[in-house]
Amino acid sequence: GDDVAFRKGWHARRLGDHVSGGGVASWDGQQLSTVGAMSFPLELLRARWLVDGVIRKWQKIYDLQSRNVSFESPADMLQSLGVADLANMSAGEWLKDKFSDRFVKQFVDGVSRVNYGQDSSIN
């Protein structure tokens, strides 16, 4: 049967008999591709570390807010958080030197489509 698995904002749709042999699949905008932990073992781990690092940067805002820190502009806030560079590029651009094209197309694009209705060109 069909069910949806959720874990820390990463969504995957279990497609049962719709994917050859069952399992988890990713929609790349044109076709379904079977994706499993063994498809990208090291890249999944690196992605987790990378995302956790970005989350830690964004979470600095709570400390700044508790100290009543304000900013002259959104750009100043992004710089203070250490994410200004991320705001000026797409996810695909940011990931291209960190992961294989296959991982970005099959996993990152699939996650982005499920969560935001866009591929890794999302900013």
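Criteria and thresholds
- Residues numbered from 1 in each chain as written.
- Predicted model: local features only at pLDDT ≥ 70, side-chain atom pairs only at ≥ 80, totals over all residues.
- Heavy atoms only, no water.
- Axes fitted to C-alpha atoms, helices over the stretch in contact; angles between N-to-C directions.
- Helix = DSSP H or I, 4+ residues; strand = E, 2+ residues; numbered from the N terminus.
- Parallel < 35°, antiparallel > 145°, perpendicular 65-115°, else oblique.
- Contact = heavy atoms within 4.5 Å.
- Salt bridge = Lys/Arg side-chain N within 4 Å of Asp/Glu carboxyl O.
- Buried < 20%, exposed > 50% of the residue type's maximum accessible area, 1.4 Å probe, protein only.
- Polar contact = N/O pair within 3.5 Å; in protein donor to acceptor, adjacent residues only side chain to side chain.
- Phe/Tyr/Trp six-rings, centres within 6.5 Å; stacked < 30°, edge-to-face > 60°.
- pLDDT = per-residue confidence, 0-100.
- Bend = angle between axes of the 7 residues up to and from the residue.

Relative orientation of the contacting elements helix α1 (residues 41-66) and helix α2 (residues 74-81) amounts to 110°, with a least axis distance of 8 Å. Considered as vectors, α1 and α2 are oriented roughly perpendicular to each other. Contacts between α1 and α2 involve K57, W58, K60, I61 and L64 on the former and, on the latter, M77, L78, S80 and L81.

The final tally for this structure, using the stated rule, is 3 salt bridges. Across the pair D63 and R67 runs a salt bridge, and its minimum N-O distance is 3.0 Å. For D119, the salt bridge is made with R113, and the minimal N-O distance between the two is 3.9 Å. Residue classification places R113 among the partly exposed residues on the basis of a relative accessible area of 24%.

Mapped onto the elements of the fold, D109 is located in helix α5 (residues 101-116). Here S120 takes part through its side chain, which lies 2.8 Å from a polar atom of the side chain of D109. D109 has contacts with V104, Q118, D119 and S120, leaving out every residue within four places of it along the chain.

Scanning all chains against the criterion turns up 2 aromatic pairs. With 5.2 Å between their ring centres and 20° between their planes, F103 and F107 make a pair best called stacked. Taken together, the positions of F103 and F107, both in helix α5 and 4 residues apart, correspond to about one turn of that helix. Note on accessibility: F103 and F107 belong to one class, buried.

We now examine the confidence of the model for the protein. Per-residue confidence for the protein gives a mean pLDDT of 78; residues scoring 70 or more make up 74%. When the elements of the protein are averaged for pLDDT, strand β1 (residues 3-7) gives the smallest value, 41, and α2 the largest, 96. The model gives residues 1-20 a pLDDT under 50, and that stretch makes 39 contacts with residues more than four places away or in other chains.

On the secondary structure map, V104 appears in helix α5. Residue V104 is classed as buried on the basis of its relative accessible area, which comes to 8%. Separated by 12 residues in the primary sequence, V104 and G92 have C-alpha atoms spaced 7.2 Å apart. In this structure, V104 is in contact with L95, F99, D109 and S120, ignoring residues within four places of it in sequence.

Before going further, it helps to examine α5. At V108, α5 is deflected by roughly 30°, the largest bend along its length. Residues of α5 that are buried: F103, V104, Q106, F107, V108, D109, G110, V111 and S112. Backbone geometry just downstream of α5 places G117 in the positive-phi region, at approximately 70°.

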